[in-house]
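A structural walkthrough
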Amino acid sequence: MTNEIPPRIGDLLRTAAAHAAPLVGSITDDSLDAPTPCAEYDVRALLNHLFAVVVNFQALAAKEPADFSETPDRLAEDGWRERFVAETGKLVTAWSAPGAEEGTSGAMGMPARTVGSMVLLDLTVHVWDLARATGRGFEPDPAVVAGLAEEVERMAPMARKMNVFGDAVDLPEDATGFERLLATTGRDPRAWTD
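Figured I'd write up the structure that's included with this text. (Residues numbered from 1 in each chain as written. Predicted model: local features only at pLDDT ≥ 70, side-chain atom pairs only at ≥ 80, totals over all residues. Heavy atoms only, no water.)

This part is about the overall build of the chain. Of the regular secondary structure elements, the chain holds six helices and two strands. Relative to the compact-globule value of 16 Å for 194 residues, the chain shows a C-alpha radius of gyration of 16 Å, a close match. Expressed along its principal axes, the backbone C-alpha trace of the chain runs to roughly 50 × 45 × 30 Å. Considering only residue pairs separated by 6 or more positions, the chain has 68% of its internal contacts joining residues 24 or more positions apart. Here the chain displays about 10100 Å² of accessible surface, and carbon together with sulfur accounts for 53% of that area. Within the chain, one finds 17 positive and 31 negative side-chain charges whose respective centroids are separated by 3 Å. (Helix = DSSP H or I, 4+ residues; strand = E, 2+ residues; numbered from the N terminus. Rg over C-alpha atoms; globule rule 2.2 N^0.38 Å. Contact = heavy atoms within 4.5 Å. Areas by Shrake-Rupley, 256 points an atom, 1.4 Å probe, with all protein chains shown as cover. Lys, Arg positive; Asp, Glu negative; His and termini not counted. Charge placed at Lys NZ, Arg CZ, Asp CG, Glu CD.)

Below you can see the structure in the form of structure tokens.
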């Protein structure tokens with residue numbers, strides 16, 4: 001019996017970022033006020049939240065403190081789409097560095113790999129949110145979904161207590177792995193259809 005080594009967070013983030021960048025880059029200014037599956041965010045606010053996550057989790061990869069106390073309006077700056085690509089590139093580099101997945105990270109002293117999974121989840125689920133909000137489909141790489149499934153199930157009870165996840169959504173038996181992942185976070189993947 002062999003113990004399969006899980007894929008590195010940096011590699012999964014590279015794949016997720018490659019899927020996210022074209023979708024984010026094609027969001028038009030006239031859709032920035034559209035509602036998203038995240039009830040508290042419109043497209044602009046969700047993009048700014050995702051920017052803040054991507055930037056702060058670069059610091060967490062290096063075991064440095066992160067500051068989530070404010071969310072700058074990065075969309076007010078010209079070239080924000082290109083900046084998103086640059087910042088996700090820095091995120092991949094940070095989590096690919098030797099030791100990034102080892103030890104603990106963040107104010108809560110969580111295992112670094114769990115922290116890396118959190119940003120991977122945001123870069124996957126929030127991009128789906130943005131796709132749905134702008135009337136498009138989004139299907140992440142199966143390796144990313146597989147890399148998240150167990151971690152998301154493990155963090156779900158605590159995430160629900162902290163109001164980060166909603167209640168799990170029941171899905172039919174034919175649901176895909178990604179639909180199940182979305183449902184665990186409290187999203188109904190079939191409610192936001194084309």
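Turning our attention to the nonpolar core. Counting residues in hydrophobic clusters, the biggest one holds 53 residues, and the most contacted among them are Leu13, Leu47, Trp95, Leu123 and Leu130. Taken together, the elements giving at least two residues each to this core come down to α1 (9-25), α2 (43-61), α3 (80-96), α4 (112-133), α5 (142-161) and α6 (177-184). Considering every element that reaches this core, the biggest residue donor is α4, with 11 residues. (Core = buried A, V, L, I, M, F, W, Y, C linked by side-chain atoms within 4.5 Å. Buried < 20%, exposed > 50% of the residue type's maximum accessible area, 1.4 Å probe, protein only.)

The topology assignment puts serine 96 in helix α3. For serine 96, a relative accessible area of 28% translates into the label partly exposed. On a C-alpha basis, the gap between serine 96 and leucine 13 in space is 8.9 Å, while along the polypeptide they are 83 residues apart. Excluding its chain neighbours within four sequence positions, the residues that come into contact with serine 96 are Arg8, Gly10 and Arg14.

Under the definition given, this model contains three aromatic pairs. Judged by centre distance (5.5 Å) and plane angle (85 degrees), the ring pair of phenylalanine 51 and phenylalanine 84 falls under edge-to-face. Separated by 33 residues along the polypeptide, phenylalanine 51 in helix α2 and phenylalanine 84 in helix α3 bring together distant segments of the chain. For the pair phenylalanine 51 and phenylalanine 84, one class covers both residues: buried. (Phe/Tyr/Trp six-rings, centres within 6.5 Å; stacked < 30°, edge-to-face > 60°.)

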